[in-house]
Amino acid sequence: MRKFRRTGVGQIAAEHIFQQYGGEWELHQLENNVPAQRFWDKVIDEISNGTITVKMENGKRYQRFACK
């Protein structure tokens, strides 16, 4: 929701889910949605073990990573 943007709520929620379920994940964003890519890059950087694979395919940007 627009009113919660840049308040940290989305990052906290995403980190909680990733930490609760752990394991390997794959996310994608639309290729031209740069704000979403920045958001997920920041979240993934915080919760991943440092190994992140990024690929572009069919107009989407995919990120594959494992949680700490």
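Preceding block: the structure.
The structure reproduced in this document is the subject of the present report. (Residues numbered from 1 in each chain as written. Predicted model: local features only at pLDDT ≥ 70, side-chain atom pairs only at ≥ 80, totals over all residues. Heavy atoms only, no water.)

Peptide bonds are mostly trans, and most non-glycine residues show a negative phi. In this model, arginine 6 sits at a positive phi of 60°, which is unusual for a non-glycine residue. Mapped onto the fold, arginine 6 is located in the segment before α1 (9–21). The exposure class assigned to arginine 6 is exposed, which follows from its relative accessible area of 88%. The phi dihedral of asparagine 58 falls on the positive side, at around 50°, and the residue is not glycine. Mapped onto the fold, asparagine 58 is located in the loop between β2 (48–57) and β3 (60–67). Assessed through its relative accessible area of 71%, asparagine 58 is described here as exposed. (Helix = DSSP H or I, 4+ residues; strand = E, 2+ residues; numbered from the N terminus. Buried < 20%, exposed > 50% of the residue type's maximum accessible area, 1.4 Å probe, protein only.)

Before going further, it helps to examine the sheet that holds strand β1 (residues 24–30). The antiparallel open sheet is built from 3 strands, whose spatial order is β1-β3-β2. Each edge of the open sheet carries a strand with a single partner, namely β1 and β2. Recorded for the sheet is a direction-independent mean angle of 20° between the axes of neighbouring strands. The pairing of β2 with β3 spans 7 bridges and is classified as antiparallel. Counterpart to threonine 53 in the pairing with β3 is arginine 64. Set on the sheet, α1 makes contact with β1 and β3; between it and β1 the angle comes to about 150°. Here helix α2 (residues 34–47) sits on the sheet in contact with β1, β2 and β3, set at roughly 15° to β3. (Pairing = 2+ DSSP bridges. Axes fitted to C-alpha atoms, helices over the stretch in contact; angles between N-to-C directions. Contact = heavy atoms within 4.5 Å.)

Inspection of the entire model under this criterion finds 4 aromatic pairs. Ring centres 6.2 Å apart and planes at 75° place the aromatic pair phenylalanine 18 and tryptophan 40 in the edge-to-face group. Taken together, the positions of phenylalanine 18 in helix α1 and tryptophan 40 in helix α2 put the pair 22 residues apart, joining distant regions of the chain. Since its relative accessible area comes to 23%, tryptophan 40 is described here as partly exposed. Linked through ring pairs, Phe18, Trp25, Phe39, Trp40 and Phe65 together constitute an aromatic cluster. (Phe/Tyr/Trp six-rings, centres within 6.5 Å; stacked < 30°, edge-to-face > 60°.)

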